[in-house]
Amino acid sequence: MEPAIYPMTAQAQAVADRWAQAALSCEPADHARAEAAARLAYQAAGQPEPSRFLWCPSPPSAVEQLRRLLEDGHKSLVTSVRRDNLNRSLAVARAPIWEQTSELDRFNAFGDFHHFMEWTGYYGEQRYDGVEARYDLMEHPYRCNPVTVPERRTLEPVLHTVRRVYDLVHGPIWATIDGNLTASYTMQPAWFWDSESSIVDQDDEGHAVVRYCLNPRDWFFEPAWNYYPDWLLLAAIDTYQEVLGTRPGAAWEGCREVALAAGPWWPLTDVAVISERPTVLRINAQGRLHAEDEPAAVWPDGSQMWARDGKALPPP
């Protein structure tokens, strides 16, 4: 059953517009702003700052660089620098809401935050990152207070807007990138315990996982969400700050600014990999990735994506 999407206030609309525009931006990345923000994110996570930034002209180029860096011994810091920073900020931003919630509203509250994100179809990258720690939020979910009814009404329209932009524009792009990268991989079902009494496999829609075996290294990979900035969680935290008047703390600021200044990024030990934005994104009146006789998406290195009405096409 689809969740009810409540009308947005002007403040919530501003937050939704900010992240939708970031998702569709073709402006050149602001390198200085993104690098300063990445350093801030490392600092907030208690990690040494990167000694260099590797700017890549397209997401496919960035993914190939990631693979080389991991094989060379660099360790992924996605969990500590991005996910843990955002989870801490989320907890800080939500704490005042629960403290001011009546007993009745607490009784009617809806699950914890991550269950709210999953059950309502908003789950994003924070569940799998494509680089490390694929199962941690399923085996050890991030626990926080249940989501209250007013809180849910405020969040849902913002998250719905941001997710829709992703589904219609970036979903086809990353599905194509995924298909090209993993065309020769061996695909196997990945099984894991969902609870003490049940086991879930890749046929379960809510917890689908596919394992791609690349040489001796196992990669767990959900196309698109795991490689993109944590837009949904960032938009949620932004909503708490702008609309609900709580303060998320400094830990999220670095992640927020990188996402607003550049394309996808990945923190590793000693090096941060950051992708440029596309130079072209063409969409139709329905908001779908679309172009008739030209590529629908183009990146600075000439990488292209052809699509019509949101469906990927092979290049001519």
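The structure we're discussing is the one just above.
I will try to describe carefully the structure that is included in this document. Please read these numbers as outputs of a predicted model, since none were measured by experiment.

1. Observations concerning the sheet that holds strand E11 (residues 304-308)
- Pairing is antiparallel across the open sheet formed by 4 strands, whose spatial order is E9-E10-E11-E12. Pairing within the sheet leaves two strands with one partner each, and these edge strands are strand E9 (280-281) and strand E12 (311-313).
- Bridging between E9 and strand E10 (residues 297-298) involves 2 bridges; their strand directions are antiparallel. Residue pairing across strands places Leu281 opposite Ala297, the latter belonging to E10.

2. As for the sheet that holds strand E8 (residues 271-275)
- Ordered in space as E1-E8-E7, the 3 strands form an open sheet in which the pairing is mixed. Among the strands making up the open sheet, the edge pair consists of strand E1 (52-56) and strand E7 (265-268). For this sheet, the mean inter-axis angle between neighbouring strands, taken without regard to orientation, is 15°.
- The pairing of E7 with E8 spans 4 bridges and is classified as antiparallel. When the sheet's bridge partners are listed, Trp266 is paired in E8 with Val273.
- Contacts from helix H2 (residues 31-44) reach E1, E7 and E8 within the one sheet, and its direction differs from that of E1 by about 130°.

3. Here's the deal with the pairing of E7
- Side chains Trp265 and Pro267 of E7 all project onto a buried face; the interleaved residues Trp266 and Leu268 project onto the opposite face, where all are buried too.
- Counted between consecutive antiparallel strands, the loop separating E7 from E8 contains 2 residues, among which Asp270 sits at a positive phi close to 75°.

4. Topic: H2
- An ideal rise of 1.5 Å per residue puts 20 Å on 14 residues; H2 measures up with 20 Å between its terminal C-alpha atoms.
- Restricting attention to buried positions, one finds in H2 the residues Ala34, Glu35, Ala37, Ala38, Ala41 and Tyr42. Looking straight down H2, one finds that the buried residues subtend no more than 165° of arc, so they occupy a single side.
- Here the buried face of H2 lies against E1, helix H4 (78-99), helix H10 (253-261), E7 and E8.
- Positive backbone phi, at 75°, marks Gly46, one or two positions downstream of H2.

5. Details of the packing of helix H1 (residues 10-24) against H10
- Remark: H1 packs on H10, axes separated minimally by 8 Å, with the N-to-C direction vectors making an angle of 55°. Relative to H10, the element H1 is oriented oblique. Every residue of H10 that contacts H1 at Arg18, Trp19 and Ala22 is listed here: Arg256, Ala259 and Leu260.
- A per-class count over the contact of H1 with H10 returns 4 nonpolar, no polar and 2 charged.

6. A few points about the nonpolar core
- Trp19, Phe113, Leu159 and Trp265 are the most contacted members of the largest nonpolar core, which has 48 residues in total.
- When residues of this core are assigned to their parent elements, the largest contribution, 8 residues, is made by helix H9 (residues 231-242).
- Beyond its immediate stretch of four places on either side in the chain, Trp265 contacts Ala38, Ala41, Tyr42, Val81, Arg82, Cys255, Val258, Val273 and Ile274.
- Residues Leu168, Leu281, Leu289 and Met305 belong to the second largest nonpolar core, which totals 14 residues.

Definitions and cut-offs
- Residues numbered from 1 in each chain as written.
- Predicted model: local features only at pLDDT ≥ 70, side-chain atom pairs only at ≥ 80, totals over all residues.
- Heavy atoms only, no water.
- Pairing = 2+ DSSP bridges.
- Helix = DSSP H or I, 4+ residues; strand = E, 2+ residues; numbered from the N terminus.
- Axes fitted to C-alpha atoms, helices over the stretch in contact; angles between N-to-C directions.
- Contact = heavy atoms within 4.5 Å.
- Buried < 20%, exposed > 50% of the residue type's maximum accessible area, 1.4 Å probe, protein only.
- Expected span 1.5 Å × (residues − 1).
- Arc of directions from axis to C-beta.
- Parallel < 35°, antiparallel > 145°, perpendicular 65-115°, else oblique.
- Nonpolar A, V, L, I, M, F, W, Y, C, P; charged D, E, K, R; others polar.
- Core = buried A, V, L, I, M, F, W, Y, C linked by side-chain atoms within 4.5 Å.

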